[in-house]
Amino acid sequence: MSFVAINVLTVPAAMRDTLEQRFANRAGEVDKMDGFEAFELLRPVEGQDAYLVYTRWDSQASFQAWLSSQAFGQGHAQASADGPAATGSSVWTFEVAQSKTRA
Ligand code: HEM
């Protein structure tokens, strides 16, 4: 059963471009992790203002391993060096109960 971890980011309007630019230049370290399945940066359109950083894994253990890896630090180097673009964040986690992806 896949496992989904979403980082919910509160981003002031003036920092949106900075945030998106950082993701455009992201390290790509996460892509190489064992058990990594998918990543999406979701820009808010309507209903609320948060950006969602969507990640999907083959198990919760794979996600936990990435969190405590060097790759996680390398994937967050810009945010660490230049200060965060987000003013808040919280992590939501899910088990995939059902799913369908069109080929
Ligand atoms: C303190 C909380 C966090 C903040 C403010 C934050 C913000 C950011 C920012 C600005 C980047 C762009 C790259 C950079 O700045 O170096 C990034 C990368 C990323 N973040 Fe976070 N992040 C946080 C924690 C997390 C967590 C817990 C997850 C798990 C869902 C996550 C998922 C990702 C992914 C997948 C990338 C791309 C890494 C890569 O390409 O290797 N982040 N994050």
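Up top is the structure these notes are about.
These numbers come from a predicted model, not from an experiment. (Residues numbered from 1 in each chain as written. Predicted model: local features only at pLDDT ≥ 70, side-chain atom pairs only at ≥ 80, totals over all residues.)

S.K.: I'd like a description of the environment of Y51, backed by residues and values.
M.R.: Relative to the helices and strands, Y51 is located in strand β3 (residues 51–57). Separated by 43 residues in the primary sequence, Y51 and V8 have C-alpha atoms spaced 6.0 Å apart. Setting aside anything within four residues of it in sequence, one finds Y51 in contact with L9, V11, L19, L41, L42, R43 and P44. (Helix = DSSP H or I, 4+ residues; strand = E, 2+ residues; numbered from the N terminus. Contact = placed C-beta atoms within 7 Å.)

S.K.: Go over the site of the ligand with me, naming the residues and quoting the values.
M.R.: By nearness alone, 23 residues border the ligand, and R26, E29, G75, Q78 and A79 come closest of all. Elements that contribute at least two residues to the shell around the ligand include exactly β1 (3–10), α1 (16–24), β3, α4 (77–82) and β4 (88–95). When its residues are assigned to classes, the shell around the ligand shows 13 nonpolar, 7 polar and 3 charged. (Near = placed C-beta within 6 Å. Nonpolar A, V, L, I, M, F, W, Y, C, P; charged D, E, K, R; others polar.)

S.K.: Tell me about the pairing of β3, and name the residues and values.
M.R.: For β3, the tally of buried residues reaches 5 of 7 residues, placing the bulk of the element in the interior. Where β1 and β3 come together, 7 bridges link them in antiparallel fashion. Residue pairing across strands places N7 opposite V53, the latter belonging to β3. Direction of pairing for strand β2 (residues 36–42) relative to β3: antiparallel, over a ladder of 6 bridges. Counted as the bridge partner of L42 is L52 from β3. (Buried ≥ 20, exposed ≤ 12 C-beta atoms within 10 Å, placed from the backbone. Pairing = 2+ DSSP bridges.)

S.K.: Got a sec to walk through the environment of T18? Specific residues and values, please.
M.R.: With respect to the helices, strands and loops of the structure, T18 is situated in helix α1. Expressed as a C-alpha distance, the spacing of T18 and P84, which sit 66 residues apart in the sequence, is 9.5 Å.

S.K.: Which residues make up the environment of V53, and what values do they have?
M.R.: Tracing the sequence through the fold places V53 in strand β3. Sequence separation of V53 and R43 is 10 residues, and the distance between their C-alpha atoms is 9.0 Å.

S.K.: Explain the sheet that holds β1 to me, and be specific about the residues and the numbers.
M.R.: With respect to topology, 4 strands assemble into an open sheet ordered β2-β3-β1-β4, the strand pairing being antiparallel. The open sheet has two edge strands with one neighbour each: β2 and β4. Each strand axis lies, on average, 15° off the axis of its neighbour in the sheet, ignoring direction. Alignment of β1 against β4, held across 8 bridges, turns out to be antiparallel. Directly across from L9, in β4, lies its bridge partner S89. The sheet strands contacting helix α2 (residues 60–67) are β1, β2 and β3, and the helix crosses β1 at an angle near 45°. (Axes fitted to C-alpha atoms, helices over the stretch in contact; angles between N-to-C directions.)

S.K.: Please provide a residue-by-residue account of α2, values included.
M.R.: Residues of α2 that are buried include every one of S62, F63 and W66, and no others. Angular distribution of buried residues about the axis of α2 spans 100°; they occupy a single face of the element. Away from its buried face, by an angle of more than 90 degrees, α2 presents the exposed residues A61 and L67. Looking at the buried side of α2, the elements it contacts are β1, β2, β3 and α3 (70–75). (Arc of directions from axis to C-beta.)

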